[in-house]
Amino acid sequence: MNTTALRDEADYAAVLANQFDAVVAENAMKFGPIHPEPDRYDFTGADAVVEAGEANGQVVRGHTLVWHQQLPAWLEGADLSREEAIAILRDHIATVVGRYRGRIAQWDVVNEALPDSGSGLRDTPWLRWIGPDYLDLAFQFAHEADPDALLFYNDYDPANTGEKSDRIFDLVAAMQARGVPIHGVGLQFHVYVPVDRAAVDAQIQRARDLGLRYAMTEVDVALPLPVTDALLHQQSVQMGTLLAACVAEPATCTTFVLWGFTDRHSWIPSFLPGLGAATPLDERLAPKPAWQALRHALDPDEPAPVAPLDEVPTLPPSVPGPVTPSTEPAPAVPLPGAPAYTG
Ligand code: G3I
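Please read these numbers as outputs of a predicted model, since none were measured by experiment.

Conventions and cut-offs
Residues numbered from 1 in each chain as written. Predicted model: local features only at pLDDT ≥ 70, side-chain atom pairs only at ≥ 80, totals over all residues. Heavy atoms only, no water. Salt bridge = Lys/Arg side-chain N within 4 Å of Asp/Glu carboxyl O. Buried < 20%, exposed > 50% of the residue type's maximum accessible area, 1.4 Å probe, protein only. Helix = DSSP H or I, 4+ residues; strand = E, 2+ residues; numbered from the N terminus. Near = heavy atom within 4 Å. Polar contact = N/O pair within 3.5 Å; in protein donor to acceptor, adjacent residues only side chain to side chain. Areas by Shrake-Rupley, 256 points an atom, 1.4 Å probe, with all protein chains shown as cover. Nonpolar A, V, L, I, M, F, W, Y, C, P; charged D, E, K, R; others polar. Phe/Tyr/Trp six-rings, centres within 6.5 Å; stacked < 30°, edge-to-face > 60°. Lys NZ or Arg CZ within 6 Å of the ring centre and 35° of its normal. Pairing = 2+ DSSP bridges. Right-handed = clockwise from strand over helix to strand, strands pointing away. Disulfide = S-S within 2.5 Å.

Visitor: Can you tell me about the pattern of salt bridges, naming the residues and giving the values?
Guide: Any two side chains of opposite charge can pair, on the condition that their charged atoms come close. By the definition in use, this model includes 20 salt bridges. Residue Glu37 is joined to Arg40 by a salt bridge in which the shortest nitrogen-to-oxygen separation is 3.2 Å. Taking relative accessible area as the criterion, Arg40 reaches 37% and is therefore assigned partly exposed. Residues Arg103 and Glu54 are paired through a salt bridge, measuring 2.8 Å at the closest nitrogen-oxygen approach. Of the two residues, Arg103 sits in the loop between α5 (82–99) and β3 (106–111) while Glu54 sits in helix α4 (residues 44–55), which places them 49 residues apart along the sequence.

Visitor: Run through the site of the ligand, naming residues and quoting values.
Guide: Taken together, 16 residues surround the ligand, and among them Glu26, Lys30, His63, Gln69 and Glu218 come closest. Gln188 is positioned with one of its side-chain polar atoms (N or O) 3.1 Å from a nitrogen atom of the ligand. One of the side-chain N or O atoms of Glu218 is found 2.7 Å from a nitrogen atom in the ligand. Summarising the interface, the protein chains cover 54% of the accessible area of the ligand, which totals 790 Å² for the free molecule. A breakdown of the residues in the shell around the ligand according to their chemical character gives 5 nonpolar, 7 polar and 4 charged.

Visitor: Which residues make up the packing of aromatic side chains, and what values do they have?
Guide: Following the criterion strictly, the structure yields 9 aromatic pairs and no others. With a centroid separation of 5.8 Å and an interplanar angle of 35 degrees, the aromatic rings of Phe31 and Trp126 are classed as tilted. Residue Phe31 is located in helix α3 (residues 31–34), and its partner Trp126 is located in helix α6 (residues 125–130); the two are separated by 95 residues in the primary sequence. Side by side, Phe31 and Trp126 carry an identical accessibility label, which is buried. On the basis of an interplanar angle of 85 degrees and a centroid distance of 5.1 Å, the ring pair of Trp126 and Trp129 is categorised as edge-to-face. You can see Trp126 and its partner Trp129 sitting in helix α6, 3 residues apart, about one turn around the helix. Look at Trp126 and you get buried, because its relative accessible area is 1%. An aromatic cluster is present here, built from Tyr12, Phe20, Phe261 and Trp291 joined pairwise through their rings. For Arg61, the ring lying beneath its charged end belongs to Phe152, and the centroid distance is 4.9 Å. The ring of Tyr156 carries the charged tip of Lys164 above its face, separated from the ring centre by 3.8 Å.

Visitor: An account of the pairing of strand β2 (residues 59–66) is requested, with residue identities and associated values reported.
Guide: Burial analysis of β2 places 7 of its 8 residues in the buried class, which makes it a mostly covered element. Two strands pair when backbone bridges link them, and strand β1 (residues 22–24) and β2 are joined in this way by 3 bridges, in the parallel orientation. Its bridge partner lying in β2, Ala22 is registered against Val59. Relative to β3, β2 is paired through 4 bridges, and the arrangement is parallel. Looking at the pairing, His63 lines up with Asp108 of β3. Between the parallel elements β2 and β3, the chain passes through α5 in a crossover that is right-handed.

Visitor: If you had to explain the environment of Gly57 to someone new, which residues and values would you point to?
Guide: Its location among the elements puts Gly57 in the loop between α4 and β2. Looking at Gly57, the relative accessible area reads 65%, which means it is exposed. Distance in space between the C-alpha atoms of Gly57 and Phe20 is 9.7 Å, their sequence separation being 37 residues.

Visitor: Can you lay out the state of the cysteines for me, pointing to particular residues and giving the numbers?
Guide: For the structure on display, the rule yields 1 disulfide. Disulfide pairing is shown between Cys246 and Cys253; the S-S distance is 2.1 Å. Measuring handedness by torsion sign, the sulfur bridge of Cys246 and Cys253 sits at about -95 degrees and is left-handed. As far as the burial class goes, Cys246 and Cys253 line up, both buried.

See below:
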């Protein structure tokens with residue numbers, strides 16, 4: 001949820017209220033916006049999200065308590081001792097989680113603590129200030145502040161199937177083994193390469209084997225601009241595949257979040273120039289094929305999106321006879337290559 005759009009755009013707010021059963025703030029609960037000065041919190045945006053979700057009977061998800069991005073100016077570059085940083089972390093989590101105790105059902109406690117390649121933890125201010133146990137501490141503080149909230153570790157795997165997701169599961173399994181109160185693992189799924197259903201199924205299985213919940217937390221499928229019908233169809237296949245995998249394991253995959261539901265408000269074009277149209281509703285909030293694919297994944301009685309027909313070949317004027325459009329599906333159009341975004 002974009003809180004500015006929620007406030008200013010009635011059509012955006014109406015779709016949000018009517019079409020979803022959970023809400024997440026895209027930015028309003030991050031450290032910088034919610035805790036802009038050492039002794040001052042600003043709950044304006046976060047309250048709006050929670051109140052809108054409650055008014056609409058929606059589950060509210062919290063994102064995110066500990067991240068290396070969107071830190072407030074007072075923390076960015078600060079020279080803190082371990083004790084000082086732990087005190088700040090404890091105060092922040094106790095205040096934010098405590099304020100919404102019983103009202104925010106799931107928290108992304110720590111976001112993107114792993115590097116894209118190599119071993120160990122990502123080099124972040126939290127790691128430098130506190131050391132590797134900052135993750136365990138964050139989960140402990142969150143659990144103390146709301147013992148009923150489900151606590152997730154959230155990260156992304158650029159290939160959405162590969163070596164990094166193994167490290168994500170190794171990290172959460174080790175935390176579990178240490179007795180850390182962790183209840184789920186979130187995979188973001190900013191998709192740039194075709195989704196491998198078998199690999200996604202294997203991830204969900206791994207979460208189930210660990211007794212953890214599995215969440216698809218930030219689904220979008222960025223397309224090269226301008227889009228074509230073939231690309232929009234490819235996008236629908238990717239989103240439908242992800243939601244179908246989740247729906248197939250309802251006891252484990254309990255959360256499916258779109259990172260923006262309309263192309264009117266999406267982080268993709270400004271972060272990855274040349275890409276966009278990443279969400280299932282267009283800028284006017286009209287459904288794209290991906291929207292239909294999501295509906296079909298939730299309810300098989302809903303028709304699946306239809307692949308676009310081949311373009312009608314332009315025949316030279318000397319050739320007589322009617323032109324019959326092909327009924328073959330359009331050829332697969334590869335999605336763009338690996339993202340420039342690296343967390
Ligand atoms: O709100 C301020 C505004 O006051 C200021 O004038 C303006 C000037 O730049 O910035 C505004 O903040 C921007 C904020 O989005 C709200 O629009 C930040 O600059 C901008 O960096 C921020 O981007 C967000 C990004 O996280 C931060 O890295 C994106 O909207 C948000 O979609 C994105 O979300 C992340 C997830 O949290 C974690 N996973 C990856 C995902 C995509 O990067």
